Amino acid sequence: KTNQQWGGRFTEATDAFVERFTASVSFDRRLYNHDINGSLAHAKMLAKVGVLNAEELEQIESGLEQIRSDIQSGNFNWSVQLEDVHMNIESALTAKIGITGKKLHTGRSRNDQVATDIRLYLRDEIDLIAAELTRLQEGLIFVAEREADTIMPGFTHLQTAQPVTFGHHLLAWSEMLSRDYSRLLDCRKRVNQSPLGAAALAGTTYPIDRAYSAELLGFEAPTENSLDSVSDRDFAIEFSAFSALLMTHLSRFSEELVLWTSAQFNFIDLPDRFCTGSSIMPQKKNPDVPELVRGKSGRVTGHLISLLTLMKSQPLAYNKDNQEDKEPLFDTVDTIKDCLKAYADMIPAITAKKESMREAARRGFSTATDLADYLVRAGMPFRDAHEVVGKSVAYGIDTGKDLSDMTLEELQQFSDTIEQDVFEVLTLEGSVAARDHIGGTAPRQVRAAAQRAKQLLASR
Ligand code: ARG
């Protein structure tokens, strides 16, 4: 016969392989703190409504606290026979305090228990992740202000387009993260609801006070429907969607950093401590950190698909399938925390190779649009101006000259509207300074945008 806590109706022991196959303790034990906190709140609520007496509550509380310190000090014997974190802790409680331990599970099921635990766990992790996101944005804004005047080529189609400032480019990254941050906080609202008291699926016959246990656990409110409470994992999917998009952003930053550190671009330097070498090629310094972050976006996006697929055919209410929510969720949390830490540490340590960025911006006719705008200001329709500048560029390609290298006479071959003052708009500084409006790349605007961004971070 089985000696499982649920073994009353069983006539033979669980197959040894099935025991291992159905167990989750190897990974869900990381929820122990939240499981204990959930149990403490449940017990307190049971005492408040008279299901437990004061002495029983006291025994349960001190037993659970002892178990918490046993686990923390490594003196806890996790058992696969006891299946999951919940039954491991409950059985240890009964071993410690005797029959009162068996009363803890009154009016509760592992179904509402596990849903409560994951929400408590995720809420804590969300708060850590939000702080790390903010630290990364602070780093980006710090470098953006430092590099507000640093000119680099801006690209479309990865072809030189128009000059921009490096600070402006970094603030573009920070904007992506601002949206991620607001998605994360929005997700937190739906994480922070208490399923405790939904019991197995239908609620319970005891006179429970769900609002009280929700309040003890810092939840905003009890969830509305017991069937939904034990089967909903939307909050985990939302968190994964946030994470996948965050990793998509970090992967895009990574791609640019990898390109920029190459000898061909030569725009930036990453400190040696964020790079590694080659075991065969002595000259190599590889940008491993951004490469790995780019690579890790794959597993995080994969976990989102796993969770969506996990949920899509489940009938109400709880199904054992749900046990499969934990590994993707935990790995998502671990991965994005590591990637955010790597980036938050690394970004402030980036150095810009200003001369080389500037040289790249000078090549590729990046001020061609400025010349067209100059002609338009002198009265020429934009399409005609486009044509004139196109011809000047063709001449530049033939003769190996940038627009700003040509003499006034050379430029005037294409239009007699061009005067000496054209050279003011053909410089890189003139080009960026002219884009002087909210969201534009002018150094003055970059500084103002950095100020606004800092104020937003300070108000978080
Ligand atoms: N280990 C389970 C899980 O992760 C806990 C809930 C089990 N409930 C059940 N009725 N078997 O989902």
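Just so it is clear, the model here is predicted, and its values are computed rather than measured.

**Some details on the overall build of the protein**
Scanning the protein from N- to C-terminus turns up 19 helices and six strands. Against the 2.2 N^0.38 benchmark of 23 Å for 460 residues, the protein shows a C-alpha radius of gyration of 31 Å, more extended than a compact globule. Seen through its C-alpha atoms, the protein measures out along the principal axes to roughly 100 × 50 × 40 Å. Looking at the protein residue by residue over its 460 residues, the buried ones come to 40%. Of all intrachain contacts in the protein linking residues separated by at least 6 positions in sequence, the fraction that spans at least 24 positions is 74%.

**Considering helix H14 (residues 368-377)**
Regarding H14, the residues found buried are Ala368, Asp370, Leu371, Ala372, Tyr374 and Leu375. Looking at the residues trailing H14, positive phi occurs at Gly379, about 110°.

**Regarding unusual backbone geometry**
Put simply, Leu316 and Ala317 share a cis peptide bond, and its omega is 5°. Within the secondary structure, Ala317 sits in the loop between helix H11 (288-311) and helix H12 (326-346). In the Ramachandran plot, Glu83 falls in the positive-phi region, its phi being about 70° despite a non-glycine side chain. Mapped onto the fold, Glu83 is located in the loop between helix H4 (54-72) and helix H5 (85-97). Of note in this structure, His157 is not a glycine but carries a positive phi near 55°. The exposure class of His157 is exposed, given the 6 C-beta atoms found within 10 Å.

**Observations regarding the UniProt feature "domain: Fumarate lyase N-terminal" (unreviewed entry) in the protein**
According to UniProt, the feature "domain: Fumarate lyase N-terminal" (unreviewed entry) maps to residues 8-302 in the numbering used here. With 61% helix and 6% strand, residues 8-302 has end C-alpha atoms that lie 40 Å from one another.

**Focus on the packing of helix H7 (residues 166-191) against helix H19 (residues 443-458)**
Where H7 contacts H19, the two axes come as close as 10 Å, and the packing angle between them is 30°. Considering the angle they form, H7 stands roughly parallel to H19. With respect to the hand of their crossing, H7 and H19 are arranged in left-handed fashion. Residue-level inspection shows Gly167, His168, Leu171 and Ser174 of H7 in contact with H19, the latter providing Val446, Ala449, Ala450 and Ala453. Grouping the constituent residues of the contact of H7 with H19 by class yields five nonpolar, three polar and no charged.

What counts and how
Residues numbered from 1 in each chain as written. Predicted model: local features only at pLDDT ≥ 70, side-chain atom pairs only at ≥ 80, totals over all residues. Helix = DSSP H or I, 4+ residues; strand = E, 2+ residues; numbered from the N terminus. Rg over C-alpha atoms; globule rule 2.2 N^0.38 Å. Buried ≥ 20, exposed ≤ 12 C-beta atoms within 10 Å, placed from the backbone. Contact = placed C-beta atoms within 7 Å. UniProt positions renumbered as here; feature names shortened; annotations may be inferred. Axes fitted to C-alpha atoms, helices over the stretch in contact; angles between N-to-C directions. Parallel < 35°, antiparallel > 145°, perpendicular 65-115°, else oblique. Left-handed = near helix turned anticlockwise from the far one by under 90°. Nonpolar A, V, L, I, M, F, W, Y, C, P; charged D, E, K, R; others polar.

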